[in-house]
Amino acid sequence: MSDTDTRDPTSLRTPIVAVLGHVDHGKTSLLDKIRGSAVIEGEAGAITQHIGATAVPLDIISSIAGDLVDPEDFDLPGLLFIDTPGHHSFTTLRSRGGALADIAILVVDVNDGFQPQTLEALDILKRSQTPFIVAANKIDTVPGWNANEDEPINDTYESQSERVRQRLDEELYEIIGNLSDEGFSADLYWRVQNFQRNIGVVPVSAMTGEGVPDLLTVMMGLSQRYMKEEMEIDVAGPGVGTVLEVKEEKGFGTTVDTVLYDGTIRADDKIVVGGQNEPIVTDVRALLQPRPLAEIRTESRFEKVDEVGAAAGIKIAAPDLADAMAGAPVRVVRDRDLDEVIEEVQAELADIAVDTAEE
Ligand code: GDP
């Protein structure tokens, strides 16, 4: 939370965003662009680099989006992007049987159109019932394109020649047609009235940043409008999360990089983590966040924090984590009955096992 943020942090969490799409269509570039724009806008360091995720607070979104976003219209605190794009991470990262991501961006290269992994992504999104928008990427590669860095799509579209506009329109309508063939009613995002019924297509360039203001605005609007209730959590309650990655870390032993999606985790909590054979019961030794770049010299890349609230990416150091698994649940025990928490973790692990067997 930034200092200027006066909204109540105890009730609404940040929606978790995943990026999917065919290889080379620009998933990584788009995430890099969003991170880059957020760093530039947040001179005082308001953007927070989490472990495995990037938090873009509402005030930063609103300065990137300019006239497109009025912060007064929103009370969700921003967006948390999972840093590892792709289908594998989307399907292994679960929460309570569903997808860990609350919302997704499906990236489609406007020139290359629908490809096998685009269809696969659509199938995954459909099955997990994850709301999504389509980023029609690489608009700057339309022959004759006149780039206007970081501008909203309408402004840059207006400055293109008639021929370029026509060409882009054709490519966008092809994507809309492809979506329709797959059973999704879609349209250019500014024509969409109800994002629950229709998929919004946002033309963007991960290279020039054109359309990125629109993309962030639509994601924020979609979350605010249709997911606010799901974002209501008891921030002070015992934390619940999902393991992104199990990592050896010099000086800390085995650690689990975790996305926390409910409650709070504290440096003195007892936790239960899903393991390869059985739930691991252990005590947190340290909660670690990336140290700000300016401070990295001889010290560790990480700094210890006392507590973290959802949604956030955090590295947990604790004994006995060697058997922990990516995708497994993490639950804080605190004042709850330990056996009950172990049972919950077991039930979630059983869910994961069933899904893996089905694949
Ligand atoms: P990923 O495999 O989906 O993560 O795709 P990448 O982000 O690695 O991008 C694949 C290639 O496309 C890289 O060479 C990028 O520089 C390029 N690329 C991505 N987005 C754009 C874009 O908007 N415009 C242009 N011209 N190139 C892009």
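Residues numbered from 1 in each chain as written. Predicted model: local features only at pLDDT ≥ 70, side-chain atom pairs only at ≥ 80, totals over all residues. Heavy atoms only, no water.

An unreviewed UniProt entry lists the protein under the name Probable translation initiation factor IF-2, with Natrinema salifodinae given as the organism. UniProt lists a comment for the protein under the heading Function (unreviewed entry), and it reads "Function in general translation initiation by promoting the binding of the formylmethionine-tRNA to ribosomes. Seems to function along with eIF-2." (UniProt positions renumbered as here; feature names shortened; annotations may be inferred.)

Bringing the nonpolar core into the picture now. Of all hydrophobic cores here, the largest spans 70 residues; its most connected members are Leu30 and Ile105. For this core, the element with the most residues is helix α7 (residues 212-226), which contributes seven residues. Residue contacts for Ile105: discarding those within four places in its chain leaves Val17, Ala18, Val19, Leu20, Leu30, Phe81, Ile133, Ala135, Leu215 and Met219. (Core = buried A, V, L, I, M, F, W, Y, C linked by side-chain atoms within 4.5 Å. Buried < 20%, exposed > 50% of the residue type's maximum accessible area, 1.4 Å probe, protein only. Helix = DSSP H or I, 4+ residues; strand = E, 2+ residues; numbered from the N terminus. Contact = heavy atoms within 4.5 Å.)

What follows deals with the sheet that holds strand β15 (residues 280-283). The eight strands lie next to each other as β15-β14-β20-β11-β12-β19-β16-β17, forming an open sheet whose pairing is antiparallel. The open sheet has two edge strands with one neighbour each: β15 and β17 (302-305). Neighbour to neighbour, the strand axes of the sheet diverge by 40° on average, direction disregarded. Bridging between strand β16 (residues 286-290) and β17 involves four bridges; their strand directions are antiparallel. The residue bridging Pro290 from the neighbouring strand is Phe302, located in β17. (Pairing = 2+ DSSP bridges. Axes fitted to C-alpha atoms, helices over the stretch in contact; angles between N-to-C directions.)

With that settled, consider the environment of Val17. Residue position: Val17 is located in strand β1 (residues 16-21). In the structure, Val17 is positioned 87 residues away from Ala104 in sequence and 5.4 Å away in space, judged by C-alpha atoms. Setting aside chain neighbours within four positions, we find Val17 in contact with Leu79, Leu80, Phe81, Ile82, Ala101, Ile103, Ile105 and Met219.

This next bit is on the packing of helix α1 (residues 27-41) against helix α2 (residues 58-65). Across the interface, α1 lies against α2 with an axial gap of 9 Å and an inter-helix angle of 95°. Taken as axis vectors, α1 and α2 run roughly perpendicular relative to one another. For the pair α1 and α2, contact is made by Ser37, Ala38 and Glu41 and by Ile60, Ser63 and Ile64, respectively. Its residues placed into classes, the contact of α1 with α2 shows three nonpolar, two polar and one charged. (Parallel < 35°, antiparallel > 145°, perpendicular 65-115°, else oblique. Nonpolar A, V, L, I, M, F, W, Y, C, P; charged D, E, K, R; others polar.)

Moving on to α2. Of all eight residues making up α2, six are buried, and the element is well covered by its neighbours. Within the span of α2, buried status applies to Leu58, Ile60, Ile61, Ser62, Ile64 and Ala65. The elements touched by buried residues of α2 are α1, β3 (53-57), β4 (78-82) and α7. Two residues or fewer past α2, Gly66 is found with a positive phi of approximately 55°.

All right, on to the packing of α2 against α7 then. Interhelical geometry of α2 versus α7 gives an angle of 135° and a closest axis separation of 8 Å. One finds that α2 runs oblique with respect to α7. Considering only the axes of α2 and α7, their crossing is left-handed. Here α2 contributes Leu58, Ile61, Ile64 and Ala65 to the contact with α7, which in turn contributes Pro213, Leu216, Thr217 and Met220. Along the lines of polarity and charge, the residues of the contact of α2 with α7 split into seven nonpolar, one polar and no charged. (Left-handed = near helix turned anticlockwise from the far one by under 90°.)

Attention shifts here to the site of the ligand. Contacts to the ligand come from 15 residues, most closely from Asp24, Lys27, Thr28, Ser29 and Asp140. Between Gly26 and the ligand, the recorded distance is 3.0 Å, taken from a backbone N or O atom to an oxygen atom. Protein burial of the ligand: of its 580 Å² of free accessible surface, 73% is covered by the chains. Looking at which element gives the most residues to the shell around the ligand, the answer is α1, with three residues. Across the shell around the ligand, the residue classes break down as three nonpolar, eight polar and four charged. (Near = heavy atom within 4 Å. Polar contact = N/O pair within 3.5 Å; in protein donor to acceptor, adjacent residues only side chain to side chain. Areas by Shrake-Rupley, 256 points an atom, 1.4 Å probe, with all protein chains shown as cover.)

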